[in-house]
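# Examining the three-dimensional arrangement
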Amino acid sequence: MRINQNNFADSINTAEDLLIYSEDTGSELCMEILNNTAHKLFEFSTNSGGVIKIEDLPNLSTNNNSVPVITTGNIQNIADCFP
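Residues numbered from 1 in each chain as written. Predicted model: local features only at pLDDT ≥ 70, side-chain atom pairs only at ≥ 80, totals over all residues. Heavy atoms only, no water.

### Some points on the pattern of salt bridges
Note the threshold: Whenever Lys or Arg places a side-chain nitrogen within 4 Å of a carboxyl oxygen from Asp or Glu, that contact is recorded as a salt bridge. Secondary structure elements are taken from DSSP: a helix is a run of H or I of four residues or more, a strand is a run of E of two residues or more, and numbering for both begins at the N terminus.
A full pass over the atoms with the stated rule returns 3 salt bridges. Of the charged contacts in the structure, one is a salt bridge between Glu32 and Arg2, with a shortest N-O distance of 3.1 Å. Here the residue Glu32 occupies a position in strand β3 (residues 28-34), and Arg2 occupies one in strand β1 (residues 2-4), the gap between them amounting to 30 residues. One salt bridge connects Lys40 with Asp10, and the closest N-O pair in it is separated by 4.0 Å. One end of the pair, Lys40, is in the loop between β3 and β4 (41-46); the other, Asp10, is in the loop between β1 and β2 (16-22), with 30 residues separating them in the sequence.

Structure below.
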């Protein structure tokens, strides 16, 4: 999944700009998230064996307007989701 070059509205009614959740065993997401203008945190969470792979995870905040990033569960860094 690619989430690139978006402008997230700064709404007082939301806690996160981006919330991604993967639950089931065998459920795997691979994400490229770059150059977004965000105002609130990005949150990624897994449960029961789900996996979320994020391209360039160590620089996710820097690459997206320095938004805070919260990860819970099996969140992994990957070099390239779309070789």
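That shown, we press on.
### A closer look at the sheet that holds β3
Quick note on the threshold: A pair of strands is considered paired only if DSSP assigns at least 2 bridges between the two. Lines fitted to the C-alpha atoms define the axes, with helices restricted to the stretch that makes contact. Angles between their N-to-C directions range from 0 to 180 degrees.
Read from one edge of the open sheet, 4 strands run β1-β3-β5-β7, paired in parallel fashion. The sheet is open, and its two borders are formed by β1 and β7 (75-78), each paired with just one other strand. With direction set aside, neighbouring strand axes in the sheet form an average angle of 25°.

### Brief notes about the side chain of Asp17
How we decide: Per-residue accessibility, obtained with a 1.4 Å probe over protein chains only, is compared with the maximum for each type, and a residue is labelled buried under 20%, exposed over 50%, and partly exposed between these values. For the charge count, each Lys or Arg is scored as positive and each Asp or Glu as negative, with His and the chain ends excluded. Polar contact is the term for a pair of N or O atoms within 3.5 Å; when the atoms are in protein, one must be able to donate a hydrogen and the other to accept it, and sequence-neighboring residues count only if both atoms are side-chain atoms. Contacts are assigned to residue pairs that have any heavy atoms within 4.5 Å of one another.
Within the fold, Asp17 resides in strand β2. No salt bridge forms around the buried Asp17; measuring N to O, its nearest opposite-charge neighbour Lys40 is 6.0 Å away. A distance of 2.6 Å separates the side chain of Asp17 from the backbone nitrogen of His39, its partner in a polar contact. Setting aside its immediate chain neighbours within four residues, Asp17 contacts Phe8, Ala9, Ala38, His39, Lys40, Leu41 and Phe42.

### What to know about the state of the cysteines
So the rule is basically this: Only a pair of cysteine sulfur atoms within 2.5 Å counts as a disulfide in this structure description.
Applying the stated criterion across every chain yields a total of 1 disulfide. With a sulfur-sulfur separation of 2.0 Å, Cys30 is cross-linked through a disulfide to Cys81. Negative torsions about the S-S bond denote left-handed disulfides, and the value of about -95° found for Cys30 with Cys81 makes this one left-handed. Taken as a pair, Cys30 in strand β3 and Cys81 in the segment after β7 lie far apart in primary sequence, 51 residues in all. Among the residues examined, Cys81 registers a relative accessible area of 14% and is labelled buried.

### Side note on the packing of aromatic side chains
This is how the line gets drawn: Two rings from Phe, Tyr or Trp (for Trp, the six-membered ring) form a pair when their centres are within 6.5 Å of each other. A pair whose planes differ by under 30 degrees is stacked, one over 60 is edge-to-face, and the rest are tilted. Remark: a charge is flagged as sitting over a ring if the NZ atom of Lys or the CZ atom of Arg is within 6 Å of the ring centre and within 35 degrees of the ring normal.
As enumerated under the stated definition, the model contains 1 aromatic pair in all. Relative to Phe42, the ring of Phe8 has its centre 5.8 Å away and its plane inclined at 65°; by these criteria the two rings are edge-to-face. Linking Phe8 in the loop between β1 and β2 with Phe42 in strand β4, this pair joins segments that are 34 residues apart in sequence. Directly above the aromatic system of Phe82 lies the positively charged group of Arg2, at a separation of 4.0 Å from the ring centroid.

Nothing here speaks to function; it is all geometry.
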